[in-house]
Amino acid sequence: MKGKFPVKKFQEIGTPFYYYDTDLLRLTLKTINEEAGHYENFCVHYAVKANANPLLLRIIRQAGLGADCVSGGEIEVAIKAGFTPDKIVYAGVGKSDWEINIGLDNDIFCFNVESVPELEVINELASKKGKVARVAFRLNPNVGAHTHANITTGLAENKFGIAMRDVESIIDHAAELKNVRFVGLHFHIGSQILDMGDFQALCNRINELQDQLERRHVTIEHINVGGGLGIDYEHPNRVPVPNFKAYFDTYARHLKLRPGQTLHFELGRAVVGQCGSLITRTLYVKESAVKKFAIVDAGFTDLIRPALYQAYHKIENITSEDATETYDVVGPICESTDVFAKQIDLNKTSRGDLLAIRSAGAYGEIMASQYNCRQLPKGYLSDDL
Ligand SMILES: *Cc1c(COP(=O)(O)O)cnc(C)c1O
């Protein structure tokens, strides 16, 4: 089974480009709202770093999600797309002063603080403005995730977050500072997680921590468990919408929320991953002694995931129905890692054929670069074609 694409329209557009199926995005958002909506104290944010295309952001904002930002630039982009500051959270291991000031000037909902020195700088900058910044502490729960080593974030060896053993002292420290107010705890264990047991392990860790803090009469209003829910890269047609039910139910069942607490989520990949495809044109088919290469006009400058983390993306020839043959699909960049897939079956591919590199909506367009003086890819929405 192949995906459905407006191939005729595609012929009028210069390749490579990203194509976003907005019906699928809307269905995904509806599913999120339904499944999270079973629990009145669940609050879902979209992790802007997965894809900051302003048109997609507007649809996501209209669905009622908040924004999870990891830079000052993302805060600005989110505000421009209409996210209200009271729904913006800001995490990041190295926040510059100007970025913190953007958050303060806009009165964002919360800074997710990752170290003691950062807490002190936020306090100082807030004091200069006569403001009180709401802060949550991003803790490193030392929970492993069964995903690619480059995208785990919750292990003690990762750079992210504050060690669990330091949590009490940083909460005490915050209480002594006049221009910050402690409102919650934040976690994020990694990305492309499909084993609900990983999220369950995080719940268990948080439960232990809450018991420990409760004994010291620390009140926590907000718990933010980050994002990380994965998508099915192998079967984008069969499983276009991730299993949000299993995801939210896991937290509902295993996390012991206290009365009045709000549980926040920050989903990126699961929101936008499946709705996007990178559309590329076949330039040449080159046969060597051992294999056939389909050389396409997209490269890792357009989609770096395969080169960066050996990520798999399903590839379809959307303009050929001929019998399949085996190809390496490679880009034009002068680097050996510029390979989208090795030894995959495609309908017989010729010069001019369009290939769809699927499940590319998250960490695709937004990670594009201009290496080799290439142009950044454009993004088109199905609504507009
Ligand atoms: C990247 C990131 C997310 C989103 O991760 P996904 O795997 O795309 O859901 C959420 N929170 C934080 C703090 C992040 O850095």
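In the block above lies the structure referred to throughout.
Residues numbered from 1 in each chain as written. Predicted model: local features only at pLDDT ≥ 70, side-chain atom pairs only at ≥ 80, totals over all residues. Heavy atoms only, no water.

As a further point, take the site of the ligand. The immediate surroundings of the ligand are formed by 15 residues, with Lys49, Ser191, Glu266, Arg269 and Tyr363 found nearest. Contact between the ligand and Asp68: a nitrogen atom at 3.2 Å from a side-chain N or O atom of the residue. In the environment of the ligand, an oxygen atom lies 2.8 Å from a nitrogen or oxygen atom belonging to the backbone of Arg269. Protein chains bury 95% of the 390 Å² of accessible surface belonging to the ligand in isolation. (Near = heavy atom within 4 Å. Polar contact = N/O pair within 3.5 Å; in protein donor to acceptor, adjacent residues only side chain to side chain. Areas by Shrake-Rupley, 256 points an atom, 1.4 Å probe, with all protein chains shown as cover.)

Time to look at the pairing of strand S16 (residues 354–357). Residues Leu354 and Ala356 point to one face of S16 and Leu355 and Ile357 to the other, with burial holding for every one of them. Sheet topology note: the strand S11 (residues 276–287)/S16 ladder contains 4 bridges and is antiparallel. Within S16, the residue paired with Thr280 across the bridge is Leu355. Pairing analysis gives 3 bridges linking strand S13 (residues 315–317) to S16, with the strands arranged antiparallel. (Buried < 20%, exposed > 50% of the residue type's maximum accessible area, 1.4 Å probe, protein only. Helix = DSSP H or I, 4+ residues; strand = E, 2+ residues; numbered from the N terminus. Pairing = 2+ DSSP bridges.)

The next thing to look at is the packing of helix H2 (residues 22–37) against helix H3 (residues 54–62). Between H2 and H3, whose axes approach to 10 Å, the crossing angle comes to 30°. Taken together, the axes of H2 and H3 lie roughly parallel to each other. Here H2 runs over H3; the crossing is right-handed. Each of Thr22, Leu25, Arg26 and Leu29 in H2 lies in contact with H3, whose residues at this interface are Leu56, Ile59 and Ile60. Here the residues of the contact of H2 with H3 are counted per class, giving 5 nonpolar, 1 polar and 1 charged. (Axes fitted to C-alpha atoms, helices over the stretch in contact; angles between N-to-C directions. Parallel < 35°, antiparallel > 145°, perpendicular 65-115°, else oblique. Left-handed = near helix turned anticlockwise from the far one by under 90°. Contact = heavy atoms within 4.5 Å. Nonpolar A, V, L, I, M, F, W, Y, C, P; charged D, E, K, R; others polar.)

In this structure the tally under the stated criterion is 19 salt bridges. Residue Glu114 pairs with Arg138 through a salt bridge whose shortest N-O separation is 3.0 Å. Here Arg138 lies in strand S6 (residues 133–140) and Glu114 lies in the loop between strand S5 (110–113) and helix H6 (116–128), a separation of 24 residues in the sequence. In this structure, the salt-bridge partner of Arg165 is Asp166, at a minimum N-O distance of 3.4 Å. Connected through salt bridges with shared partners, the residues Glu168, Asp172 and Arg216 form a single ionic network. (Salt bridge = Lys/Arg side-chain N within 4 Å of Asp/Glu carboxyl O.)

Let us look at the side chain of His313. Tracing the chain through its elements places His313 in the loop between helix H11 (305–309) and S13. His313 gets classed as buried once you look at its relative accessible area, which sits at 1%. Among the polar contacts made by the side chain of His313, one reaches the side chain of Arg305 at a distance of 2.8 Å. Contacts of His313, omitting those with residues within four sequence positions, involve Tyr233, Leu303, Arg305, Pro306, Ile357, Arg358, Ser359 and Ala360.

Position of Glu316 among the secondary structure elements: in strand S13. Side-chain polar atoms of Glu316 contact the side chain of Asn237, separated by 3.0 Å. The contacts of Glu316, once residues within four sequence positions are left out, are Met1, Lys2, Gly3, Phe5, Asn237, Leu346, Leu354, Leu355, Ala356 and Arg358.

What follows is about the nonpolar core. Residues Phe111, Phe137, Leu185, Phe248 and Tyr251 are the most contacted members of the largest nonpolar core, which totals 96 residues. When residues of this core are assigned to their parent elements, the largest contribution, 7 residues, is made by helix H8 (residues 196–215). Excluding anything up to four places from it in sequence, Phe111 contacts Tyr90, Ile100, Gly103, Leu104, Ile122, Ala133, Arg134, Val135 and Ala136. In this structure, Phe17, Ile279, Ile318 and Leu354 belong to the second largest nonpolar core, which totals 9 residues. (Core = buried A, V, L, I, M, F, W, Y, C linked by side-chain atoms within 4.5 Å.)

On the surface, a nonpolar cluster with roughly 220 Å² of combined accessible area is contributed by Leu308, Ile366 and Met367. For Ile366, a relative accessible area of 39% puts it in the partly exposed group. (Patch = residues over 30% accessible without salt bridge, like charges linked within 9 Å, V, L, I, M, F, W, Y side chains within 5 Å.)

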